[in-house]
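# Commentary on secondary and tertiary structure
For reference, the chains in residue letters:
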Amino acid sequence: MKLEFFLEELGKSAEARSRVVIDDDFQTEIDDLIRKNMGALSIDKLNAEIERRSDSYNDRPVYEFAGLSPNEMHWLLDFPLSEKSPVRLKTPLSDHTLDQIGFFRLAEEFLKILKRDGPIRLTNAGYLPPKIVLELHSFHFVAEWTIDEGILKLRREEDSVVIRTLHHVIAMTPLARKIYGKLVLTKEGKQVMDQNDRAKIFNHVFHAYTERFNWAYNDGYPDFPLCTYAYRFTIYLLSKFGDTERPKDFYAEVFLKAFPMSIDEFVESTYISARDSFIHCYTVRTFSRFLEWFNFVDVATADKSYDRTASVKRSDLLEAVFDIS
């Protein structure tokens, strides 16, 4: 009798079954347990023994998970706010810490502009007016080398991936909304701005960026939602390996060991392998347009073309923002 069928027969809940990470060795162990004890033990006792062995099995460190256990990975991915998750946001964050987070500082200034100017009328295509775009760029909280070095002239929102992303993210928070062609502060947005509740603003912006914004929006790669969904695993990897400079593709390779199914999102072509396409996608989305924008890593070498071999190490800010165990 197979484990999955037996668990169904025992009436195990879907939640309990989801915690059982099955490989061939463990499947064989449980099959032997069931075969040898079906006539000797009651259903309840077999159920309890399977539960005990499953918990023990899922508490062991796994090489492919960079030392995390299956249970820890479960909490990391599915219950990020739980105390059992190996990666948790610290709360509340101090003003000193918040002042170092580039994308948050840009979001904060955007909300100040919304408060100052009242409703911002968007262009007919739904973009921010050029005056607002230029003002936001002038803060230089997030580097954009093509614009900063004059290779690309900033005339409108579409010219800046940073400001385009910021616009989408702010509209996904409870702090602002679009109505009749205008971007306006909500009642909650006005309240947190009046109270200067920076920690709450950060929580809303960070949640929108990591849980709601589609990271595939800014590139031509496949959707690959796991890249966003499992960002906390990359945070864990930086905590574990980021004390020394390593190329970004080192983290891509470790990520792929943990989630080998990721390669299935990418198509082999004459010009690039599926593996290289995955590595480029992962490093651009996770490092160049997330960890660097939030200043969670220090880049040791120039990264002007989203170079996957650029060396990075974790910044002090990473450990100021996250509790990592």
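Refer to the structure printed above.
So, here is what we can say about the structure in this document.

### Quick word on the overall build of the chain
When you go through the chain residue by residue, the secondary structure sums to 17 helices and 8 strands. Burial analysis of the chain (325 residues in total) assigns 48% to the buried set. Partitioning the intrachain contacts of the chain with sequence separation of at least 6 by distance along the chain shows that 64% fall at a separation of at least 24. Summing over all exposed atoms, the chain offers an accessible surface of approximately 16300 Å²; the carbon and sulfur share of this is 50%.

### A look at the environment of P119
Tracing the backbone shows P119 in the loop between α7 (102-117) and β2 (120-121). Sequence spacing of P119 and I179 is 60 residues, and the spatial spacing of their C-alpha atoms is 9.3 Å. Not counting residues up to four positions away in its chain, the partners in contact with P119 are K182, L183 and V184.

### Points about the environment of M261
Along the chain, M261 turns up in the loop between α15 (248-258) and α16 (274-291). The class of M261 is partly exposed, set by a relative accessible area of 47%. The sequence separation of M261 and L226 amounts to 35 residues, and the corresponding C-alpha distance is 9.9 Å.

### A closer look at helix α11 (residues 187-194)
An α-helical turn contains 3.6 residues, so a residue and the one three or four places further along point in the same direction. Within α11, the full set of buried residues consists of G189, V192 and M193. All buried residues of α11 fall inside an arc of 100 degrees around its axis, so they share one side. Facing away from the buried side of α11, by more than 90 degrees, are the exposed residues K187 and D194. Those residues of α11 that are buried lie in contact with α7, β4 (182-185) and α12 (198-212). Looking at the residues trailing α11, positive phi occurs at N196, about 50 degrees.

### Describing the packing of helix α14 (residues 231-241) against α15
Relative orientation of the contacting elements α14 and α15 amounts to 120 degrees, with a least axis distance of 11 Å. When the axes of α14 and α15 are compared, the pair comes out oblique. In the packing of α14 onto α15, the handedness of the crossing is right-handed. Mapping the contact onto sequence places F233, T234, L237, L238 and F241 in α14 and F250, Y251, V254, F255 and A258 in α15. Taken together, the residues of the contact of α14 with α15 sort by class into 9 nonpolar, 1 polar and no charged.

### Some details on the packing of α7 against helix α8 (residues 130-137)
Two elements in contact, α7 and α8, have axes whose closest approach is 10 Å; the angle formed by their N-to-C orientations is 140 degrees. As the angle between them shows, α7 and α8 are arranged oblique. The way α7 lies across α8 gives a crossing that is right-handed. Together, L106, E109, F110, I113, R116 and D117 of α7 and I132, E135 and L136 of α8 make up the contact between the two elements. For the contact of α7 with α8, the class distribution of residues is 5 nonpolar, no polar and 4 charged.

### A word on unusual backbone geometry
Between T91 and the following residue, P92, the backbone shows a cis peptide bond with an omega angle of -15 degrees. Note on placement: P92 falls in the loop between β1 (87-89) and α6 (95-98). Positioned with a positive phi, N196 is a non-glycine residue whose angle comes to about 50 degrees. Even without glycine at this site, F224 takes up a positive phi of about 45 degrees. Turning to its location among the elements, F224 is positioned in the loop between α12 and α13 (226-229).

Definitions and limits used
Residues numbered from 1 in each chain as written. Predicted model: local features only at pLDDT ≥ 70, side-chain atom pairs only at ≥ 80, totals over all residues. Heavy atoms only, no water. Helix = DSSP H or I, 4+ residues; strand = E, 2+ residues; numbered from the N terminus. Buried < 20%, exposed > 50% of the residue type's maximum accessible area, 1.4 Å probe, protein only. Contact = heavy atoms within 4.5 Å. Areas by Shrake-Rupley, 256 points an atom, 1.4 Å probe, with all protein chains shown as cover. Arc of directions from axis to C-beta. Axes fitted to C-alpha atoms, helices over the stretch in contact; angles between N-to-C directions. Parallel < 35°, antiparallel > 145°, perpendicular 65-115°, else oblique. Left-handed = near helix turned anticlockwise from the far one by under 90°. Nonpolar A, V, L, I, M, F, W, Y, C, P; charged D, E, K, R; others polar.

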